Amino acid sequence: MKSLQFKLMTVSVGMFFIFSLSTMLQAQTAGAWNIPAKYKTLKNPVAVSKESVADGKDLYSKHCKSCHGTKGLGDGPKAATLDASCSDFSTKKFQAQTDGEIFFQISEGKGKMPAFKKNVPEDNGRWAVVNYIRTQAVK
Ligand code: HEC
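Residues numbered from 1 in each chain as written. Predicted model: local features only at pLDDT ≥ 70, side-chain atom pairs only at ≥ 80, totals over all residues. Heavy atoms only, no water.

Asker: Which residues make up the pattern of salt bridges, and what values go with them?
Answerer: When the charged atoms of two side chains lie near each other, side chains of opposite charge can form a pair. Summed over the entire model, instances satisfying the criterion amount to 6 salt bridges. Of the charged contacts in the structure, one is a salt bridge between Glu101 and Lys40, with a shortest N-O distance of 3.8 Å. Of this pair, Glu101 sits in helix 5 (residues 99-108) while Lys40 sits in the loop between helix 1 (2-30) and helix 2 (50-63), and the two are 61 residues apart along the sequence. By relative accessible area, Glu101 is classed as buried at 12%. In this structure, the salt-bridge partner of Asp88 is Lys139, at a minimum N-O distance of 2.7 Å. Taken together, the positions of Asp88 in the loop between helix 3 (65-68) and helix 4 (92-95) and Lys139 in the segment after helix 7 (123-133) put the pair 51 residues apart, joining distant regions of the chain. (Salt bridge = Lys/Arg side-chain N within 4 Å of Asp/Glu carboxyl O. Helix = DSSP H or I, 4+ residues; strand = E, 2+ residues; numbered from the N terminus. Buried < 20%, exposed > 50% of the residue type's maximum accessible area, 1.4 Å probe, protein only.)

Encoded structure:
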């Protein structure tokens, strides 16, 4: 009898661990971004210029517009098919992030947001996209 109780307890403790682990993993995909501190102060090596903004716009149209929309409002055609919000780049909250934080998000991705260090392998390309995203009007 005692050993049955022990087994049941072991099973329920095990289930509890699996349950908390899956909740933690879900929080990782759906919750806040886990941005390493060093990115907050990382300096954008690509100066804001007509050229870099135009480069960023080209890359954005090719890789980002389908989800994030022409104006970065998170309303691209693909956004409707995702069970996650694509965010709105024109909000004060979004624009209050540093260039480095946005660079991290673009490079590493999270959940349905792909990691672009593969498809846009040049760091400076991703920094140019940051410069372009900065041109979205702040609400
Ligand atoms: C397949 C659709 C998809 C594509 C393509 C995509 N994104 Fe995203 N993006 C998302 C989703 C979904 C999120 C929200 C992720 C989350 O919070 O779990 C996101 C989040 C972001 C964020 C963080 C927003 C915030 O509120 O802090 C940035 C920045 C971003 N994307 C930039 C880009 C850029 C730049 C590109 C192109 C190089 C791109 N994304 C391509 C779906 C996409």
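Asker: Pulling in residues and values, what's your account of the coordination of the iron atom of the ligand?
Answerer: Octahedral metals with six donors have ideal donor angles of 90 or 180 degrees. Tetrahedral metals with four donors have an ideal donor angle of 109.5 degrees. In this structure, His68 (NE2) and Met113 (SD) serve as the protein donors to the iron atom of the ligand, at separations of 1.9 to 2.1 Å. Metal-centred angles of 87 to 180° between the 6 donor atoms at the iron atom of the ligand mark the site as octahedral. Taken together, the residues span a long stretch of sequence, with His68 in helix 3 and Met113 in the loop between helix 5 and helix 6 (116-119) at a distance of 45 residues. (Donors = N, O, S within 2.8 Å, 3.2 Å for Na, K, Ca; no water. Tetrahedral: all angles 85-135°; square planar, octahedral: opposite > 155°, others 65-115°.)

Asker: Give me the lowdown on the environment of Phe104, citing residues and values where you can.
Answerer: Counting through the fold element by element, Phe104 comes out in helix 5. In sequence terms Phe104 and Trp33 are 71 residues apart; their C-alpha atoms lie 9.6 Å from each other. In this structure Phe104 touches Trp33, Asn34, Ile35, Pro36, Tyr39 and Gly109, once residues within four positions along its chain are discounted. (Contact = heavy atoms within 4.5 Å.)

Asker: How would you explain the site of the ligand if you had to name every residue and give the values?
Answerer: Around the ligand, 24 residues are found, and the nearest of them are Cys64, Cys67, His68, Ser87 and Met113. With respect to the ligand, the side chain of Gln97 contributes an N or O atom lying 3.2 Å from an oxygen atom. The contact in question runs from an oxygen atom of the ligand to an N or O atom on the side chain of Gln105, over 2.9 Å. Of all elements in the fold, only helix 3, helix 5 and helix 7 reach the threshold of two or more residues within the shell around the ligand. Classifying every residue of the shell around the ligand by side-chain character gives 15 nonpolar, 7 polar and 2 charged. (Near = heavy atom within 4 Å. Polar contact = N/O pair within 3.5 Å; in protein donor to acceptor, adjacent residues only side chain to side chain. Nonpolar A, V, L, I, M, F, W, Y, C, P; charged D, E, K, R; others polar.)

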